[in-house]
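Working through the structure, step by step
Here are the chains, one letter per residue:
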Amino acid sequence: TPSGNIMKTFSADTTLFEVAQAIGTENGTQVSSFTQNFPRKVFDGSDFGLTLKEAGLVPSAALIVQ
C-alpha cells in the first residue's frame, strides 16, 4: 500500500472485494486494483467478485494495492 506493507491471512473462499474492504478499514486506503508481480496479473474492480482460490492466489500470494 502507499503507507507500507500489510501482511494478512484470509481463507481461500474470501473474495477480492472482501480483501479490499479489510485493507480500507485497516488503513483508510481506497483499493481500486491489485497487482500480482509473478506471474504478472492485474485484478481490477471487475475481478473483485472472484474468491482468492478462483483468482489463483492460493495457497499464498503477494499483491500490490493500487
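How each quantity is defined
- Residues numbered from 1 in each chain as written.
- Predicted model: local features only at pLDDT ≥ 70, side-chain atom pairs only at ≥ 80, totals over all residues.
- Heavy atoms only, no water.
- Helix = DSSP H or I, 4+ residues; strand = E, 2+ residues; numbered from the N terminus.
- Rg over C-alpha atoms; globule rule 2.2 N^0.38 Å.
- Buried < 20%, exposed > 50% of the residue type's maximum accessible area, 1.4 Å probe, protein only.
- pLDDT = per-residue confidence, 0-100.
- Contact = heavy atoms within 4.5 Å.
- Core = buried A, V, L, I, M, F, W, Y, C linked by side-chain atoms within 4.5 Å.
- Pairing = 2+ DSSP bridges.
- Expected span 1.5 Å × (residues − 1).

1. Some details on the overall build of the chain
The secondary structure content of the chain amounts to 1 helix and 3 strands. Here the C-alpha radius of gyration of the chain, 11 Å, is about what a compact globule of 66 residues would show, namely 11 Å. Principal-axis analysis of the C-alpha atoms gives the chain an extent of 25 × 20 × 20 Å. A total of 66 residues make up the chain; the buried ones form 30% of that total.

2. Describing the confidence of the model for the chain
Per-chain confidence: the chain averages 91 in pLDDT, with 100% of residues scoring 70 or above. For the chain, strand β3 (residues 64-65) is the element with the lowest average pLDDT, namely 91, and strand β2 (residues 41-44) is the one with the highest, namely 95.

3. Side note on the side chain of D47
By the element assignment, D47 lies in the loop between β2 and β3. In this structure, D47 is in contact with L16 and V42, ignoring residues within four places of it in sequence.

4. Regarding the nonpolar core
Membership of the largest hydrophobic core is limited to 12 residues, which are L16, V19, A20, I23, V31, F34, F43, F48, L52, A55, L57 and V65. The greatest single-element share of this core, amounting to 4 residues, is contributed by helix α1 (residues 16-27). Discounting chain neighbours no more than four positions away, the residues touching F48 are T15, L16, F17, A20, V31, S32, S33, F34 and F43.

5. What about the pairing of strand β1 (residues 33-36)?
Neither face of β1 is exposed, since S33 and T35 on one face and F34 and Q36 on the opposite face are all buried. Sheet topology places β1 next to β2; 4 bridges connect them, and they run antiparallel. Counted as the bridge partner of F34 is F43 from β2. The hairpin formed by β1 and β2 contains 4 residues between the paired strands. The sheet contact formed by β1 and β3 spans 2 bridges and is antiparallel. Considered in β3, the bridge of T35 is made with I64.

6. Quick look at α1
An ideal rise of 1.5 Å per residue puts 16 Å on 12 residues; α1 measures up with 17 Å between its terminal C-alpha atoms. On its buried face, α1 sits against β1, β2 and β3. Of the residues flanking the end of α1, it is G28, one or two places downstream, whose phi is positive at about 75 degrees.

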